[in-house]
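Chain by chain, the residues:
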Amino acid sequence: MKVEPVVVPGSAYQKLVELASEYRAPLVVLASLSAEQQCWAVGSVAERVAQASPVPVLVVRDAERLLTWLRGQRALNAMTGVDGGAPSRRP
């Protein structure tokens with residue numbers, strides 16, 4: 001798989017959601033924190049993408065833990081939450 005950086009104008013979360021649909025992505029993966037932030041910021045790009053995305057979203061808080069799992073050096077510990085209410089169902 002080849003990854004190419006692309007710069008697009010507009011709202012970051014809206015563009016990510018649009019691109020996920022356009023490319024028929026099976027999953028969106030993004031970080032929730034910048035180097036300066038110490039917690040999940042209310043109204044963050046990650047939060048908005050998770051709410052608006054037409055596909056599942058994996059928000060990574062500590063990239064090194066994910067990378068060590070990908071290299072087979074540790075087990076993956078994951079937590080999921082499911083909201084079965086009407087707003088979370090696909091139209």
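What comes next is a walk through the structure. Just so it is clear, the structure is predicted and the values come from calculations on it, not from any experiment.

### Topic: the side chain of Ser-44
So, step 1. On the secondary structure map, Ser-44 appears in the loop between strand S1 (28-31) and helix H2 (45-52).
So, step 2. For Ser-44, a relative accessible area of 10% translates into the label buried.
So, step 3. A distance of 3.2 Å separates a polar side-chain atom of Ser-44 from the backbone nitrogen of Glu-47.

### With respect to the environment of Ser-21
So, step 1. Examined against the element boundaries, Ser-21 turns out to sit in helix H1 (residues 12-22).
So, step 2. The class for Ser-21 is partly exposed, based on a relative accessible area of 41%.
So, step 3. Sequence separation of Ser-21 and Ser-53 is 32 residues, and the distance between their C-alpha atoms is 8.2 Å.

### Quick look at a nonpolar patch on the surface
So, step 1. Taken together, the side chains of Val-6, Val-8, Leu-19 and Tyr-23 make up a nonpolar region of the molecular surface, amounting to roughly 410 Å² of accessible area.
So, step 2. With respect to the element layout, Val-8 can be found in the segment before H1.

### Quick word on the pattern of salt bridges
So, step 1. By the definition in use, this model includes 2 salt bridges.
So, step 2. Note that Lys-15 is salt-bridged to Glu-18, the shortest N-O span being 3.7 Å. Of this pair, Lys-15 and Glu-18 are both found in helix H1, 3 residues apart, which corresponds to roughly one turn of the helix.
So, step 3. Look at Lys-15 and you get partly exposed, because its relative accessible area is 27%.
So, step 4. Among the salt bridges present, the one from Glu-64 reaches Arg-71, with a minimum N-O distance of 2.8 Å.
So, step 5. The partly exposed category is assigned to Glu-64, whose relative accessible area is 43%.
So, step 6. Note on Arg-71: relative accessible area 47%, which makes it partly exposed.

### A few points about the side chain of Thr-68
So, step 1. Within the element layout of this structure, Thr-68 appears in helix H3 (residues 63-70).
So, step 2. Thr-68 sits in the buried class, given a relative accessible area of 13%.
So, step 3. Among residues more than four places away in sequence, those in contact with Thr-68 are Gln-73 and Arg-74.

Quick notes on the rules
- Residues numbered from 1 in each chain as written.
- Predicted model: local features only at pLDDT ≥ 70, side-chain atom pairs only at ≥ 80, totals over all residues.
- Heavy atoms only, no water.
- Helix = DSSP H or I, 4+ residues; strand = E, 2+ residues; numbered from the N terminus.
- Buried < 20%, exposed > 50% of the residue type's maximum accessible area, 1.4 Å probe, protein only.
- Polar contact = N/O pair within 3.5 Å; in protein donor to acceptor, adjacent residues only side chain to side chain.
- Patch = residues over 30% accessible without salt bridge, like charges linked within 9 Å, V, L, I, M, F, W, Y side chains within 5 Å.
- Areas by Shrake-Rupley, 256 points an atom, 1.4 Å probe, with all protein chains shown as cover.
- Salt bridge = Lys/Arg side-chain N within 4 Å of Asp/Glu carboxyl O.
- Contact = heavy atoms within 4.5 Å.

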